[in-house]
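# Overview (structure and organization)
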Amino acid sequence: MKTDILVITALALEFKAVEQLLINTIPIRHPTGTYYKRGSFTAGQHTFSVAVVETGAGNVNSAQETERAITFFQPEYIFFVGIAGGIKDVRIGDVIVSSEVIHYEGGKAGEVYKPRLSTYAANYELMSLAKLIARDNSWQHRVKDKINTYKAEVKPIAAGEKVVASERSATYELLNQYVSQALAVEMEGYGFLAPIHSHHAKGIVIRGISDLLNNKEVADASGSQPLAARNGTAFLAEMLVELANENRHSSNTTNVINPKVSIIKPNSANPLDDLEWRNRLTKILADLYEVGPTDNGGAWKRAGGKIGFLSNNSSNETQWFTALERLAKGGAGPITLESLLKTVQQDFGDNEEINNLCKYISLSN
């Protein structure tokens, strides 16, 4: 069920905040029993289809539900939106967007505890967009609060398996000593980003600050959690508007998403070694073959490629990315870039992009 945007939340209040952005929502049931809400988000003349799910607390739940939802909806962009505790340099209501999420609870317990941190970075495109919005404060018009002003930053976030409720706790001491770059702490972001990376998808974590570790219960009782969820959702809405603007702009030009004439010259003798060039070809092939490399009689196999490593559980774009990555590194069979492009040209002889790519490869050989 192809959907443009997927939003993951942990709590009901976060789910409800995101749902308020959408119109014409309907429940969608996954074959395993998970229920989603799916609706529309409109910005100008562009409308995104958006699915949202509540996973429950914890990195394990987050990872499982994100994996399941990616396979089911095949989204273009994926967001985790929720609340978090502030560690330093933030106030209640501020928004922290992940540059990376650091899992801090791995380690070796000997005579001296030795932490073994692991990290997942957010998608570069979404991170850059978030920085732009944070610098310009363009999201704040969505927060109707005449008394307080809030800031947003794109910084590291720490993720563990327990609620951190005091600066006197052992967990806080661990964070302070080994994860001092993190501004916020939560329990789902690392699990969320794990399947994002395995699917080569575009994902990022957005967190509204609901407490500052000390006096957490007092802050929660004051209504800080709905406020934090509202602010995180406001930042999400601004990101969706900007993505819609980019989408509309791209449809009216011959640039990144759908170039009609020009072909970017790769910065490598082997074009597939140039990640930007490979990503561009991935997008072209995914648009042409909606089911993936095995679509239309198996273009990949007809070009000489092995198909055993391809997964039908992944989106068509992920399958093509994986296939081209394997081709770049070898081990994909007797297939070559030239044989693949010629096979695609046989299927789509009137496609100007493919014809230009074939000309380029022929000239460069």
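Above this text sits the structure in question.
## Some words on helix H10 (residues 316-329)
- Over its 14 residues, H10 extends 20 Å from the first C-alpha to the last, a length consistent with the 20 Å expected when each residue adds 1.5 Å.
- Where H10 is concerned, the buried positions are Asn316, Thr318, Gln319, Trp320, Phe321, Ala323, Leu324, Leu327 and Ala328.
- Downstream of H10 by one or two residues, Gly330 has phi in the positive range, about 90°.

## Section: the packing of aromatic side chains
- Counted by the stated rule, this structure contains 9 aromatic pairs.
- Residues Tyr289 and Trp320 carry aromatic rings whose centres are separated by 5.6 Å and whose planes lie at 45° to one another, so their mutual orientation is tilted. With Tyr289 in the loop between helix H8 (275-288) and helix H9 (295-302) and Trp320 in helix H10, the pair connects residues that are 31 residues apart, well separated along the chain. Neither residue differs from the other here; Tyr289 and Trp320 are each classed as buried.

## Here we look at the packing of H8 against H10
- It is the contact of H8 with H10, at a shortest axis distance of 9 Å, that shows an interaxial angle of 135°. As summarised for this structure, H8 and H10 are arranged oblique, according to the angle between their axes. You can see that H8 and H10 cross each other, and the crossing is right-handed. In this structure, H8 uses Leu275, Arg278, Asn279, Leu281, Thr282, Lys283, Leu285 and Ala286 to contact H10, whose residues at the interface are Asn316, Glu317, Trp320, Phe321, Leu324, Glu325 and Ala328.
- Split by residue class, the contact of H8 with H10 holds 8 nonpolar, 3 polar and 4 charged.

Criteria and cut-off values
- Residues numbered from 1 in each chain as written.
- Predicted model: local features only at pLDDT ≥ 70, side-chain atom pairs only at ≥ 80, totals over all residues.
- Heavy atoms only, no water.
- Helix = DSSP H or I, 4+ residues; strand = E, 2+ residues; numbered from the N terminus.
- Expected span 1.5 Å × (residues − 1).
- Buried < 20%, exposed > 50% of the residue type's maximum accessible area, 1.4 Å probe, protein only.
- Phe/Tyr/Trp six-rings, centres within 6.5 Å; stacked < 30°, edge-to-face > 60°.
- Axes fitted to C-alpha atoms, helices over the stretch in contact; angles between N-to-C directions.
- Parallel < 35°, antiparallel > 145°, perpendicular 65-115°, else oblique.
- Left-handed = near helix turned anticlockwise from the far one by under 90°.
- Contact = heavy atoms within 4.5 Å.
- Nonpolar A, V, L, I, M, F, W, Y, C, P; charged D, E, K, R; others polar.

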